[in-house]
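Each chain, letter by letter, is given below.
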Amino acid sequence: MTSGVGGTGVSAPGSTGQPLEWKFSQVFGERAAGEEVQEVDIISAIEFDKSGEHLATGDRGGRVVLFERTDGKDLRSRRELERADYPIPRHPEYRYSTEFQSHEPEFDYLKSLEIEEKINKIRWCQTANGARFLLSTNDKTIKLWKVSEKKLKNVSNLNVDPSVRLSNGNMVGSSPVQSPKNYAPFRSMNGGALCRALPVISNEFVFPPGGIPSLHLPTVWSHETALIARCRRVYANAHAYHINSISNNSDCETYISADDLRINLWNLEVSDQSFNIVDIKPVNMEDLTEVITSAEFHPSHCNMLAYSSSKGTIRLLDMRQSALCDRHAKLFEEQEAPGSRSFFTEIIASISDIKFARGGRYILSRDYMTLKLWDVNMEAAPVATFKVHEYLRPKLCDLYENDCIFDKFECCLSGDGQRVATGSYSNLFRVFGAVPGSEEASTLEASKSPNRRLVQTPSRSGNRLFNVRGRRDTRGRGGDSPGSEINGGQYDFTSKLLHLAWHPVANVIACAASNSLYMYYA
Amino acid sequence: MAMVDEPLYPIAILIDELKNDDIQLRLNSIRRLSTIARALGEERTRKELIPFLSENNDDDDEVLLAMAEELGSFIPHVGGVDFAHVLLPPLETLCTVEETVVRDKAVESLCKIGSQMKERDIVDYFIPLVKRLGAGEWFTARVSACGLFHIAYPSAPDLLRAELRSVYNQLCRDDMPMVRRSAGLNLGKFAATVEPTYLKSDIMTFFKDLTQDDQDSVRLLSVEGCAALGKLLEPADCIAHILPVIVSFSQDKSWRVRYMVANQLYELCEAVGPEPTRTELVPAYVRLLKDNEAEVRIAAAGKVTKFCGIISAQTAIQHILPCVKELSTDSSQHVRAALASVIMGMAPLLGKDATIEQLLPIFLALLKDEFPEVRLNIISKLDQVNQVIGIDLLSQSLLPAIVELAEDRNWRVRLAIIEYIPLLAKQLGKDFFDDKLGSLCMQWLGDQVFSIREAAATNLKRLAEEFGKDWAVQHIIPQVLEMINNPHYLYRMTVLSAICMLAPVVGPEVTCQTMLPVVINAAKDRVPNIKFNVAKMLQSMIPIVDSTVVEQTIRPCLQELYEDPDVDVRYFAQQAIQACDQIMCA
């Protein structure tokens, strides 16, 4: 019930060994040449739901946009299909379904701080009754949204003619008949104040035993439905620092939210209390050496969660051990190679994102230069390291100057756990084969022709760019740099591809290049 | 559109607004569904209103919640128990919505209706509903189904009973943890209706499945089931099936499970009987008292008195008391506070000698605890220990503890101790109180925090009630009245409110002689706030004092205030004058 849904008709070619050939599928919000991007439109979060039927993006303007899968339920008419005379695409395709304003800019008067509306993370919750639930968060406040189809109702055959009521002066301010035209989906629940006294039925009124024949119920009919998003809960005031992650527990009852120094545990149904389970704030803030950068629950063990830190470590916690998880169950940390230390070592070691693979056996982490795959049973070193940004090593000084070195790239795993992907500069993203022996390492551009740059490049072996194993580290792969090959070594550090997500079952990647959402399949 | 006669107009509007687009109006109509039903009559309620509600369930949760509640008591409106089944369809739909509170309410209403339905109707309508929900596509329906079995089962014939049991079994193994949690939560209720043979076979198997669930949240809830099932089973079966589970739960890897055990353990002692309690449960409880997770120790410490109440005094002294001693110096203040809140209750259980010998040192240590809540908790239960050993043994340590709390930096702590002062006064007696605590009570009247001053005034009233009028005249009133000369108007106001509270206790004579002049005098205060408070006070004194006093003293004063330049003073003076008039008329 929990897995395998929605994988219909999607086979994963090249499930082992063979590299995937990525093709452009779709783009939403494509930028016209020379069009200036509005800051608020820049995508800041992407998330597929568990089935892959839905995709959500959040942006800096606090909006959440939902997409739904179209294939399978083909929307074209039969005639169109016949004319087209080609099979419907086998890979998942999406269409815009709805959007809503999740967060608004706020001001914290106590601390004199502006709270941005930017969506930091989106997480899908358990679907119920066909209604989709999702959590969205900005720096401070988490909200639970319910998105469901609502019938647009027409009401007629009332007992009292509305026009009469208006003339009676008894009814002001709300129209008794609701027309779909002026239906306001974002209406405040407390809006429409009562501008009149409620009808009073005197106590002496005697109801005849058979009822009053002249009274009747109104007639309701509906011919249209609309997707309506409603905020069901607001989980506020629990974080002193900026929230960087939220993650649902497999018990479908709780979730965690993590800020720079603390992790809180919430019950989805209780918005006015949360439990602090991790607190790394030192007594004296001058002793601060480490912050939490990302946290995630184990996909199936309700008691396990992992969090990463700015020091490049991942801690695995067991909530069963104690209420406040001060002591980690496992600490994953790679010893740095002796002699390689520099001013930037600590900065680039900081982990920007971690993800559990589906089974929960592996954890993928992203730091500035690499992707690392950890086996939860091996704490000393990652089982694989994929060099993403090795070619930037000589430029670290510049990157420090322009703050790019602090960019937080996300990472993702394919549903089968056999491949990993992460973003880079110049709107590029990279996909690596994660199974032992795989040499797959592709670089793609978030554009309509993802392999454009690839084609320009004299490639050594067919379509694959990289197959050179790391010289020193035999586990390392993809260490070669596309640097010399792309645009004559020119990078566009302003075009960062920070956010991307892999479809839970199909080989489909959704990634954000500024305000545009690009989808690729293989 | 029909025109409606004048008397029917409100009802017509009520009906129309079932579909208004203002949620407040819809909510109002739904809350008065019974009125609508009466207006339509029983037959049309069945044939029109109920189907109408079933079809229009696409509403806001607030409206659905109200609908679920109303339908629960709707049987009289549809024509009595014979027609109760017509109410099931709308509630069935409400059992499937996403919002938990709505579902819970719908289940509650279904149970309410089901328990009144005729057996034949249960078989024809209710059981099919339970089966449909149990096989629902979405987890929401299945979660709701779990709460209905105990109503359906007793009326079902054997064949259906077997089927119901197997549906429940499925629910206990559902993919979704929410469903399993609900199955665990409702198992006790269901088990109470199941025949003993199946209780031992089927129900115990379901229970076992739940106790071995991967999800902590499911196992947690099955701990609660232990006590419920334990009470249903024969002691021998309980020892064979429940005891091992609870013993293993008490050593569960998850502290949350152990926490639940610590909370529930004492309930199980009765079910298994004294001997297994001594051999199995006491050691389990001792382990929990020594658990390395503070939350578990807090729960265990909080139940120490209840647990000792079940076992023999000797076992308590031998096994539990050493742990209690350890807990009194626990590193977690919350553990100590939990212990302090119940430990006084152990005194009557252990008897005088053991209390003096063993418990007293612990009381004294806790009274000196650095954490104020611990001290407060001890003081709040002082009456229990007083019955056993008398207060004298404690009084020496008590006084410094009280004084320290009375001057605590945290005003909430001061507030808490003030609230215990009448209790202390009762236990300590007048003499001790006069010597040591009297001045404290006055001191609080001059506290910087309003809540403390307010509580101090209430406290004086309660003391006066406790020790009587004469005592109050002698020990409280002079000191209070003295404070009316305080240069700060806020403190003068405290005095006024204290007078106001004391007046009914000390009676008209004292009020007129000593307190009324002070109040009248305060009407000449330069601060308007004082003046309008005087007006309010005078108003409250009217019923207490003699009518001649009202006419001769109070009314002239109010008349004067009524001429005041300040609008608020005039307002309250007018209110008080009106009250005077009413009294005079009556």
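As stated in UniProt under Sequence similarities (unreviewed entry), the record for chain B gives "Belongs to the phosphatase 2A regulatory subunit A family."

The name an unreviewed UniProt entry assigns to chain A is Serine/threonine-protein phosphatase 2A 55 kDa regulatory subunit B, from the organism Riccia sorocarpa. The record in UniProt for chain A states the following under Sequence similarities (unreviewed entry): "Belongs to the phosphatase 2A regulatory subunit B family."

Residues and elements named next belong to chain A. Within the secondary structure, Y241 sits in the loop between β11 (219-235) and β12 (245-248). Y241 gets classed as partly exposed once you look at its relative accessible area, which sits at 21%. On a C-alpha basis, the gap between Y241 and V40 in space is 22 Å, while along the polypeptide they are 201 residues apart. Ignoring anything within four residues of it in the chain, the contact list for Y241 reads D139, K140, D259, D260, L261, R262, K281 and M285.

Let's shift gears to the interface of chain B and chain A. Between chain B and chain A, the residue contacts involve 65 residues of the former and 68 residues of the latter. Regarding the contact of chain B and chain A, the summed buried area is about 5,900 Å², with carbon and sulfur atoms giving 54% of it. In this structure, the connection of chain B to chain A is made through seven salt bridges. Along the contact surface separating chain B from chain A lie 25 residue pairs in polar contact (both at pLDDT 80 or more). Of all the secondary-structure elements, those providing two or more residues to the side of chain B that touches chain A are α1 (9-16), α2 (23-31), α3 (33-55), α4 (61-72), α9 (139-146), α12 (177-191) and α14 (216-232) of chain B. Among the elements that line the side of chain B that touches chain A, the one with the most residues is α3(B), at nine residues. Its residues assigned to classes, the side of chain B that touches chain A shows 27 nonpolar, 12 polar and 26 charged.

It is worth spelling out the environment of A:Y491 at this point. Looking at the secondary structure, you find A:Y491 in the loop between α5 (452-456) and β28 (500-502). Distance from A:Y491 to A:K23, taken between C-alpha atoms, is 23 Å for residues 468 residues apart in sequence.

Once that is clear, we can look at the sheet that holds strand β24 (residues 411-413) of chain A. Residues and elements named next belong to chain A. Strand order in this open sheet of four strands is β24-β25-β26-β27, and the pairing throughout is antiparallel. Every other strand in the sheet has two partners, leaving β24 and β27 (441-445) as the edge strands with one partner each. Each neighbouring strand pair of the sheet contributes to a mean axis angle of 20°, computed without reference to strand direction. Where β24 lies against strand β25 (residues 419-423), three bridges are found, and the strand directions are antiparallel. Of the residues in β25, the one forming a bridge with L413 is V420.

The rules behind each value
Residues numbered from 1 in each chain as written. Chains lettered and ligands numbered in written order. Predicted model: local features only at pLDDT ≥ 70, side-chain atom pairs only at ≥ 80, totals over all residues. Heavy atoms only, no water. UniProt positions renumbered as here; feature names shortened; annotations may be inferred. Helix = DSSP H or I, 4+ residues; strand = E, 2+ residues; numbered from the N terminus. Buried < 20%, exposed > 50% of the residue type's maximum accessible area, 1.4 Å probe, protein only. Contact = heavy atoms within 4.5 Å. Buried area = accessible area lost by both parts, 1.4 Å probe. Salt bridge = Lys/Arg side-chain N within 4 Å of Asp/Glu carboxyl O. Polar contact = N/O pair within 3.5 Å; in protein donor to acceptor, adjacent residues only side chain to side chain. Nonpolar A, V, L, I, M, F, W, Y, C, P; charged D, E, K, R; others polar. Pairing = 2+ DSSP bridges. Axes fitted to C-alpha atoms, helices over the stretch in contact; angles between N-to-C directions.

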